[in-house]
Amino acid sequence: MELNMKERKTYEVIKKVIDGEITREEAMEQLQRSRQQIYRFIKKFYTEGEQGFVHKSRGKVSSNKKDDNIIKELETLYLNEYYDYNLEAFYEEIESKYDISYSLMVSEFKKDDIISPLAHKETIKLYNEKMNKAINDEVQMQEEKIELFKSRQIAFEKAHTRRSSNMYGFGQEVQMDACEKVWFGNVVSYLHLAVDKGTKKVLFGWFEYEELTRGYFVLIYNIIINYGIPEKIKADNRNSFSNNKNQVDATQFGTICNMLGIKLETTSIATSKANVERENATFKNRLIAELRHEDITDIDEVNKYLNEVFIPKMNKKFSYEINSNTSKMKPNHYTEEELNLIISEKYTRIIDNASSIKYNGKYYVPIDSNTGEVVCFIKKTQCTFLITYNAEYWCEIENNYYQLTELESREKIMKKEKDNNLPLEKKKYIPPANHPWRKNMMLRNHH
């Protein structure tokens, strides 16, 4: 058996020692071996000759080597169904079905030019060079590997390390953000996400086709129902959270936080809400692939899968247990009906002379929710028009809530009945010639 480069170098250095060309100390330095190892090599030279320097494991099949058929099966499965999963996520899907370690799977995949979307820059560079050369040299290659190579050309985001923060209790700071991407199907959508800083737990997520304030309403409603009322919410400076003068109380979301006793803080620095930014990156790396693999394209089904399957799985893997002793999450004492009114869009309106409220060109009258009767108020009574969490129309007048019903037809002006005995036109008054006003006017004209 021929020696490889490393074995050949060792043999030639030991031969020089025996021939007296170099000392044992020089051999130790050149081979980076101990004195005892040099003595062993010299003994091998005399007893076994050149073949004594061949590694004893060369040419033998390792007892730990897995059946090649298993590797090929996993590679085929990955290339055809899980090609956009990172290798760790793929292994989590198959580990219960295949008797193979993660490290072995990755090393075998790498040998066959299958790398993760989250591979390091140097690995990506070498992989690109190798694949480009093979394509340029027209080397026959599996079609699925070529497709995988093309998908790996997109920019990758490095995995991040999650660290526990004992400085923050659960609910002490909840970070919110929306991430724009083609998450499912072929259309851009926005993932609204809420993440707790202390436990790294994703509290809720919600997809909309646009970034909407109501998307954040869904987040805060479900956080309160499922966990309680957080101490603080941190978000960016979007219009949903802050107006042009950075006044959070002047926004719809800020008003809700004020009513619930939540401190709302906004920032333009992404690193100030690093937890939700990291989750966005993690979700990009995993959720898009899962939605494609599960063939889910309907937004309602996507939201269901997100909160019932994906988020619980991510929290189990990445988040920390809630410590009730350090928790800052306040218990929720509101009913769902009360939250429906609190988490709402609010607009100031004036009752008109027909005891109705105008919104978006339509007119509504307040109804007593207990009796179902119309409640009348005097003209110019100020009220608050509400679009509730459940998309119902209500109003608040003098600290009382009334449901609104639309008027199908309405006279814009309440006209008074005419008195037929009155003349149709009022007689015009003409002052007499000796009236002081006329006298002054004639004097001015005379001069």
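Per-chain numbering applies: the sequence of each chain, read as written, is numbered from 1 onward. Per-residue local features of the predicted model are confined to residues with pLDDT of at least 70, and side-chain atom pairs are confined, for both listing and counting, to 80 or more; whole-chain, interface and lining totals are unaffected and use all residues. Side-chain measures were taken over the full set of non-hydrogen atoms in the model, leaving aside hydrogen atoms and water.

1. What to know about the sheet that holds strand β10 (residues 393-397)
Strand-to-strand pairing in sheets goes through backbone hydrogen bonds, with the strands running parallel or antiparallel. Filter applied, for reference: Pairing between strands requires that DSSP locate at least two bridges from one strand to the other. Put simply, DSSP H or I for four residues or longer makes a helix, DSSP E for two residues or longer makes a strand, and each gets a number counted from the N terminus. Throughout, an axis means a line fitted to C-alpha atoms (over the contacting stretch in the case of helices), and angles, computed between N-to-C directions, take values from 0 to 180 degrees.
Read from one edge to the other, the open sheet built from six strands follows the order β6-β9-β10-β11-β8-β7, with strand pairing classed as antiparallel. Each of the sheet's edge strands pairs with one partner strand only, and the pair in question is β6 (345-350) and β7 (357-359). Ignoring strand direction, the axes of neighbouring strands in this sheet form an average angle of 40 degrees. Where β7 meets strand β8 (residues 362-367), three bridges bridge the pair, whose relative direction is antiparallel. When the bridges of β8 are listed, Ile 357 appears paired with Tyr 364.

2. Digging into the sheet that holds strand β3 (residues 202-208)
Which entries qualify depends on this criterion: The contact rule is simple, with two residues in contact once any of their heavy atoms fall within 4.5 Å.
Taken together, the five strands give an open sheet; going across it, the order is β3-β2-β1-β4-β5, and neighbouring strands pair in mixed fashion. A strand with exactly one partner marks an edge of an open sheet, and here the two such strands are β3 and β5 (263-267). Neighbouring strand axes in the sheet, compared pairwise and without regard to direction, differ in orientation by 25 degrees on average. Pairing analysis gives nine bridges linking strand β1 (residues 174-184) to strand β2 (residues 187-196), with the strands arranged antiparallel. Among the inter-strand pairings, Asp 177 is bridged to a residue of β2, identified as Leu 193. Contacts between helix α9 (residues 213-226) and the sheet are confined to β1, β2, β3 and β4 (232-236), with β3 contributing the most and set at about 150 degrees to the helix. Where helix α12 (residues 299-318) meets the sheet, its contacts fall on β1, β2 and β3, and the angle it forms with β3 comes to roughly 160 degrees.

3. Brief notes about helix α3 (residues 35-47)
Heads up, the rule is: Here a helix's expected span is defined as the number of its residues, less one, multiplied by 1.5 Å. Each residue is assigned to one of three classes by its accessible area relative to the maximum for its type, calculated with a 1.4 Å probe on protein chains only: buried under 20%, partly exposed between the two thresholds, exposed over 50%. Regarding the arc, it is the one traced by the directions from the helix axis to the C-beta atoms.
For α3, spanning 13 residues, the distance from its first C-alpha to its last is 19 Å, which sits close to the expected 18 Å at 1.5 Å a residue. Ile 38, Phe 41, Ile 42 and Phe 45 are the residues of α3 that are buried. Along the axis of α3, the buried residues cluster in a sector spanning 100 degrees; they form a single face. Facing away from the buried side of α3 by over 90 degrees, the exposed positions are Arg 40, Lys 43 and Thr 47. Close packing links the buried residues of α3 with α1 (5-18) and α2 (24-31).

4. Looking at the pairing of β8
Counted residue by residue, β8 has five buried out of six residues, so it is predominantly covered. As consecutive antiparallel partners, β7 and β8 are separated by two residues, and within that stretch Asn 360 has a phi angle of approximately 55 degrees, a positive value. Bridge analysis of β8 against strand β11 (residues 400-406) gives four bridges, and the strand direction is antiparallel. By the bridge assignment for β11, Pro 366 is matched with Leu 404.

5. Focus: the packing of aromatic side chains
For clarity, the threshold we go by: Pairing of aromatic side chains here covers Phe, Tyr and the six-membered ring of Trp, requires ring centres within 6.5 Å, and sorts the geometry by plane angle: under 30 degrees stacked, over 60 edge-to-face, intermediate tilted. Cation placement over rings: the criterion is NZ of Lys or CZ of Arg within 6 Å of the ring centroid and within 35° of the ring normal.
Summed over all chains, the structure comprises 27 aromatic pairs. For the ring pair Tyr 11 and Phe 45, a centre distance of 5.4 Å and an interplane angle of 25 degrees mean the geometry is stacked. With a gap of 34 residues between them, Tyr 11 in helix α1 and Phe 45 in helix α3 connect regions that are remote in the sequence. Here Tyr 11 and Phe 45 have matching classes, each one buried. Ring plane angle 65 degrees and centroid distance 5.7 Å describe the contact between Trp 183 and Phe 207, whose orientation is recorded as edge-to-face. Here Trp 183, found in strand β1, pairs with Phe 207, found in strand β3; they are 24 residues apart in sequence, far enough to count as distant. For Phe 207, a relative accessible area of 1% corresponds to the buried category. Taken together, Tyr 11, Phe 41, Phe 45, Tyr 46 and Phe 53 form an aromatic cluster joined through their ring pairs. A cation over an aromatic ring shows up here: Lys 197 above the ring of Tyr 168, its NZ or CZ 4.8 Å from the ring centre.

6. So, helix α7 (residues 121-136)
Helix length check: α7, at 16 residues, gives a terminal C-alpha distance of 22 Å against a target of 22 Å (1.5 Å per residue), a fit within 8%. Residue Glu 138 follows α7 closely and has a positive phi angle near 55 degrees.

7. Concerning unusual backbone geometry
Although it is not a glycine, Asp 295 sits at a positive phi angle of roughly 55 degrees. Mapped onto the elements of the fold, Asp 295 is located in the loop between α11 (274-293) and α12. Given a relative accessible area of 63%, Asp 295 falls into the exposed group.

8. With respect to the pattern of salt bridges
What counts is decided by this rule: One speaks of a salt bridge when a side-chain nitrogen belonging to Lys or Arg is within 4 Å of a carboxyl oxygen belonging to Asp or Glu.
Applying the stated criterion across every chain, the model contains 22 salt bridges. Where Glu 92 meets Lys 317, a salt bridge forms, and the shortest distance between an N and an O atom there is 2.6 Å. Linking Glu 92 in helix α5 (residues 87-94) with Lys 317 in helix α12, this pair joins segments that are 225 residues apart in sequence. Classification of Glu 92 by relative accessible area gives partly exposed; the value is 28%.

9. A word on the packing of helix α4 (residues 68-81) against α5
Inclusion rule: Definitions for this section: a left-handed crossing has its near helix turned counterclockwise from the far helix by less than a right angle. A right-handed crossing has that turn clockwise. Asp, Glu, Lys and Arg are counted as charged, while Ala, Val, Leu, Ile, Met, Phe, Trp, Tyr, Cys and Pro are counted as nonpolar; the rest, among them Gly, fall into the polar class.
Their axes nearest at 12 Å, the elements α4 and α5 cross at an angle of 115 degrees. Of the two elements, α4 crosses α5, and the hand of that crossing is right-handed. On α5, the residues that touch Leu 74, Leu 77 and Tyr 78 of α4 are Leu 87, Phe 90 and Ile 94. Classifying every residue of the contact of α4 with α5 by side-chain character gives six nonpolar, no polar and no charged.

10. Structural notes on the side chain of Lys 346
We count it as follows: Residues scored as charged are limited to Lys and Arg (positive) and Asp and Glu (negative), so that His and the chain ends carry no count. Polar contact criterion, stated in full: a pair of N or O atoms within 3.5 Å, where within protein one must be able to donate a hydrogen and the other to accept it, and residues adjacent in sequence count only if both atoms are side-chain atoms.
Structurally, Lys 346 is set in strand β6. Buried charge without a partner: Lys 346 forms no salt bridge, and the closest opposite charge is Glu 396, 7.3 Å away. Separated by 3.0 Å, the side chains of Lys 346 and Ser 344 make a polar contact. In this view, Lys 346 contacts Gln 252, Thr 255, Ile 256, Met 259, Leu 341, Thr 384, Phe 385 and Leu 386; residues no more than four positions away in its chain are not counted.

11. Comments concerning the nonpolar core
Heads up, the condition is: Buried Ala, Val, Leu, Ile, Met, Phe, Trp, Tyr and Cys residues form a nonpolar core when they are joined through side-chain atoms within 4.5 Å.
Grouped together as the largest cluster of nonpolar side chains are 30 residues, with contacts concentrated most on Met 176, Ile 220, Ile 233, Phe 253, Leu 260 and Ile 343. Where this core is concerned, the elements lending two or more residues are β1, β3, α9, β4, α10 (252-260) and α13 (336-342). The dominant element in this core, judged by the number of residues it contributes, is α9, at eight residues. Ignoring sequence-local partners within four residues, the contact set of Leu 260 consists of Ile 220, Ile 224, Ile 229, Lys 330, Tyr 334, Leu 339 and Ile 342. Ile 94, Tyr 98, Ile 114 and Phe 149 belong to the second largest nonpolar core, which has 25 residues in total.

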